[in-house]
Amino acid sequence: MSEIQASNTELTSQYIAQITGDLERNTKEQERIGAEVDALQEQLRTLQHDHTVLVNMQQALGSASPAGEAAAKTAVSVPRQAAAEPKRSRPKKTAAAGAGKAATKKPAAEAPSAKASKTAGKPSLVDLIRSHLKQQNEPRSAAEISSALTQAHPDRTIKTTVVRTTVEGLVAKSHAHRTKQGSSVFYTAATAPQSAEIEPQPKAVAG
């Protein structure tokens, strides 16, 4: 009986160890995926903010000059096709629709602009990380960046895992640099070359 009990105890210990390892891997995978989801949500909010600003600019340019609106529609093929569909369904209301557009354009432009002003007052996490790295003279880890941003913006919840995922995205786009010291990873801001931004204009040759 003692041998059977010993073998049962050994099997139980093996099962417990295996289950414990599976639980640890499961927890780490949940944390990794959760961090990616948070980073993607932050990127989505940034894209939505950029979209709102672009829509406001397009509407402002369109209301200022019809020629500018036509040029914008010609340059962007996908919105032009989407805008052409409702026009086909209402061919008889060209004059009335033109007058209605002028009347309804201002309220439509005011709503997104109000939304944009609220969103613009709260910079995205990507902008905060970029600005923080540019102000630093030494490399910073994700934990240090998260701690500094949390102190500077106590109204926002900034997780280290989200900061790490976001700054890795900046590294992938060459907007930041990554250095490794031992087991720790540090990040610095990428410096844009000045020659690429300001190029001398060629002098016109008189014919």
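Remember, predicted model here, so these are calculated numbers, not experimental data. (Residues numbered from 1 in each chain as written. Predicted model: local features only at pLDDT ≥ 70, side-chain atom pairs only at ≥ 80, totals over all residues. Heavy atoms only, no water.)

A. Layout of the side chain of His-132. Within the fold, His-132 resides in helix H5 (residues 125-135). Residue His-132 is classed as buried on the basis of its relative accessible area of 11%. (Helix = DSSP H or I, 4+ residues; strand = E, 2+ residues; numbered from the N terminus. Buried < 20%, exposed > 50% of the residue type's maximum accessible area, 1.4 Å probe, protein only.)

B. Quick look at the packing of helix H6 (residues 142-152) against helix H7 (residues 160-172). At a closest axis distance of 8 Å, the pairing of H6 and H7 adopts a crossing angle of 115 degrees. As judged from the angle between their axes, H6 and H7 are roughly perpendicular. Crossing of H6 against H7: the hand is right-handed. Across the interface between the two elements, Ala-142, Ala-143, Ile-145 and Ser-146 from H6 touch Thr-160, Val-163 and Arg-164 from H7. For the contact of H6 with H7, the class distribution of residues is four nonpolar, two polar and one charged. (Axes fitted to C-alpha atoms, helices over the stretch in contact; angles between N-to-C directions. Parallel < 35°, antiparallel > 145°, perpendicular 65-115°, else oblique. Left-handed = near helix turned anticlockwise from the far one by under 90°. Contact = heavy atoms within 4.5 Å. Nonpolar A, V, L, I, M, F, W, Y, C, P; charged D, E, K, R; others polar.)

C. A look at a nonpolar patch on the surface. A cluster of nonpolar residues, Leu-11, Tyr-15, Ile-19 and Leu-23, forms a patch on the protein surface that exposes about 430 Å² of accessible area. Tracing the backbone through its elements, the reader meets Leu-23 in helix H1 (residues 2-64). A residue is classified by how much of its surface remains accessible, and Leu-23, at 53% relative accessible area, is exposed. (Patch = residues over 30% accessible without salt bridge, like charges linked within 9 Å, V, L, I, M, F, W, Y side chains within 5 Å. Areas by Shrake-Rupley, 256 points an atom, 1.4 Å probe, with all protein chains shown as cover. Salt bridge = Lys/Arg side-chain N within 4 Å of Asp/Glu carboxyl O.)

D. Main features of the packing of H5 against H6. Between H5 and H6, the least distance of the axes is 11 Å, while the angle of their chain directions is 105 degrees. If you check the angle between H5 and H6, you find them roughly perpendicular. On the side of H5, the interface is formed by Leu-125, Leu-128, Ile-129, His-132 and Leu-133, while H6 contributes Ile-145, Ala-148 and Leu-149. Its residues placed into classes, the contact of H5 with H6 shows seven nonpolar, one polar and no charged.

E. Looking closely at the confidence of the model for the protein chain. With 63% of its residues at a pLDDT of 70 or more, the protein chain shows a mean pLDDT of 74. Here residues 112-119 scores under 50 on pLDDT; set against residues more than four positions off or in separate chains, the count is seven contacts. Within the model, the stretch residues 193-200 combines pLDDT values under 50 with one contact to residues more than four positions away or in other chains. (pLDDT = per-residue confidence, 0-100.)

F. Up close: the pattern of salt bridges. Taken as a whole and judged by the stated rule, the model has eight salt bridges. The residue Arg-45 makes a salt bridge to Glu-42 at a minimum N-O spacing of 2.7 Å. Taken together, the residues span about one helical turn, with Arg-45 and Glu-42 both in helix H1 at a distance of three residues. By relative accessible area, Arg-45 is classed as partly exposed at 46%. With a closest N to O distance of 3.9 Å, Glu-138 and Arg-140 form a salt bridge. On the basis of relative accessibility, which here comes to 54%, the residue Glu-138 falls in the exposed class. Residues participating in the shared-partner salt-bridge network are Glu-29, Arg-32 and Glu-36.

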